[in-house]
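# A closer look at the structure
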Amino acid sequence: MTAQRGPVQSGRPLTLWAVWLIAILVASLPLFVSSIPPLGQHFYNIVRIDILAHPVSYAGDFVVRWDPLPDLAMDLTVPWIAKLMPVEWAAWLFIVVELALISSGCLILSRALNGRWSWFPLTSFLLLYNWILIRGYDNFLFGIGLCLWAIALHVTLRRSTVARIAVSSCSALLIYFCHLFPLAVFALVTGTWELGCLLQEDKFHIRSMFRHASATLVPLILPVVLLAHSSTGGLRGSVDFGFIHLFAKVSRWLDVFAIGNPPADIAILASLGLTLAVGFLLRWWTCQPECRITVIALPLVALFAPFSAFASYGVVERCALSFAFLLTALVDVRASRPRLQRAGAVALTIVFLFRIATVTADWRAAKPAIQAYRATFASLKSGSVLFQYK
């Protein structure tokens, strides 16, 4: 995985963050097309948030009953923002924040792990528009953004076990309330990183093993207790691993990066695949010794992850997307053939701009359908029943 071929690429922090700011503004362009983007669950999220933001107005039809569910990122934040602006704008702002959290989290995590600023995490912008986002799974994506920042904080506190336990306990609790699967990602990465740190120590001591194990497990105690007492915990038996369908899982790894625009989807997959292949052939990729177990574990977990768990689907896709974001931070790029690397960076930038242009065009074309959707809902009489479950 490593190659002694010159210094690792690094970037100046101010320049790097200036490029990040420009990139996040460009990445947000599709969201300026419509205040209600055409995302699968987004419209229903808005309805739910409006009920939570104005419970008195809906008291005749809805009763709000809180439960410590691991899927409350929007429910706990957006209603408060909606006190300052319309609910549609508040939900729109939430999406912008989740995109910023994920992309900046990759930068920060890379800096914490590798001890230097790197340009490579900016490739995370190629992954921002994905199947999970199009389905409208905002709680999950927001949780992944927090997860990246939380892992970076955990790594930064490597010199103090007590501080890691205290801070990561708070982080794990926040991530839990955002979504359950980002918490699993947090546990996996911090656990394998702690194991990697243990194996890098000169001498093996029981005390050292206890210290690393505590930093991994103690932060998870309260989230596990909350899960056991939540209604989600009662669904733990509904898990479909599908061990014999490994090729189907690999196919879903690729599907998560496709959003329904074939030219742009092919460009994304082809550019990322070519970059990965060229990097291996020219031995560009490197990672810190304590991260090697994590890098090995990520694809294995994605391969053997269940298709569904806790009555939630798309687990394989969530794993693939989460791990792709993580790899942009875990992996560093060794300086070799700088002209070729710069040409590759320019090519990836063009692909990113192409992706944003196609998403913007598609969302603009979908605007009349969204307006018709709004008009239909506005025409419903109070007390109308849309869905009924028995």
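An account of the accompanying structure is given in this report. (Residues numbered from 1 in each chain as written. Predicted model: local features only at pLDDT ≥ 70, side-chain atom pairs only at ≥ 80, totals over all residues. Heavy atoms only, no water.)

Each helix and strand counted, the protein has 16 helices and 4 strands in total. Counting across all 390 residues of the protein, residues that qualify as buried make up 48%. Across the protein, the fraction of contacts at a sequence separation of at least 24, relative to all contacts at a separation of at least 6, is 82%. Surface summary for the protein: the accessible area is close to 19,600 Å², and the carbon and sulfur share equals 69%. The positive charge centre, built from 30 side chains, and the negative charge centre, built from 18, are 9 Å apart in the protein. (Helix = DSSP H or I, 4+ residues; strand = E, 2+ residues; numbered from the N terminus. Buried < 20%, exposed > 50% of the residue type's maximum accessible area, 1.4 Å probe, protein only. Contact = heavy atoms within 4.5 Å. Areas by Shrake-Rupley, 256 points an atom, 1.4 Å probe, with all protein chains shown as cover. Lys, Arg positive; Asp, Glu negative; His and termini not counted. Charge placed at Lys NZ, Arg CZ, Asp CG, Glu CD.)

What follows concerns the side chain of H154. Secondary-structure assignment places H154 in helix α6 (residues 138–156). By relative accessible area, which is 1% here, H154 ends up buried.

Attention now moves to the side chain of S124. For S124, the location among the structural elements is in the loop between α4 (87–114) and α5 (131–135). Classification of S124 as buried rests on a relative accessible area of 0%. Within the local environment of S124, its side chain forms a polar contact with the backbone oxygen of P121, the two atoms lying 2.7 Å apart. Discounting residues that sit within four places of it in the chain, S124 has contacts with S103, C106, F325 and T328. (Polar contact = N/O pair within 3.5 Å; in protein donor to acceptor, adjacent residues only side chain to side chain.)

What follows concerns the pattern of salt bridges. A complete count under the given rule lists 7 salt bridges for this structure. Salt-bridge contacts for E317 lead to R252; the nearest nitrogen and oxygen are separated by 3.8 Å. Of this pair, E317 sits in helix α14 (residues 315–330) while R252 is found in helix α11 (residues 246–255), placing the two residues 65 residues apart along the sequence. A relative accessible area of 31% places R252 in the partly exposed class. (Salt bridge = Lys/Arg side-chain N within 4 Å of Asp/Glu carboxyl O.)

Right, let's talk about the packing of aromatic side chains for a bit. Within the structure shown, the criterion is met by 11 aromatic pairs. A ring pair is formed by W131 and Y137, whose centres lie 6.3 Å apart and whose planes are at 85°; its orientation type is edge-to-face. Measuring from ring centre to ring centre gives 5.2 Å for Y176 and F177, while their planes differ by 80°; the resulting arrangement is edge-to-face. Over the aromatic face of W80 sits the side chain of K83, whose NZ or CZ is 5.5 Å from the ring centroid. (Phe/Tyr/Trp six-rings, centres within 6.5 Å; stacked < 30°, edge-to-face > 60°. Lys NZ or Arg CZ within 6 Å of the ring centre and 35° of its normal.)

This part covers the packing of α11 against α14. Put simply, α11 and α14 touch, their axes get as near as 8 Å, and they point 55° apart. Relative to α14, α11 is oriented oblique. Considering only the axes of α11 and α14, their crossing is right-handed. Judged by residue contacts, K249, R252 and W253 of α11 engage V316, E317 and A320 from α14. (Axes fitted to C-alpha atoms, helices over the stretch in contact; angles between N-to-C directions. Parallel < 35°, antiparallel > 145°, perpendicular 65-115°, else oblique. Left-handed = near helix turned anticlockwise from the far one by under 90°.)

On to helix α7 (residues 161–178). For α7, which comprises 18 residues, the first-to-last C-alpha distance of 25 Å matches the rise-based estimate of 26 Å (1.5 Å per residue) to within 8%. The set of residues buried in α7 consists of T161, R164, I165, S168, S171, A172, I175, Y176 and C178. The inward-facing, buried residues of α7 abut α3 (73–81), α6, α8 (180–200), α9 (206–217) and α10 (221–228). (Expected span 1.5 Å × (residues − 1).)

Here we take up α9. Compared with an ideal rise of 1.5 Å per residue, which puts 12 residues at 16 Å, α9 spans 16 Å between its outermost C-alpha atoms and is within 8% of the ideal. As for α9, its buried residues are in contact with α6, α7 and α8.

Purely spatial values, then, with no claim about function.
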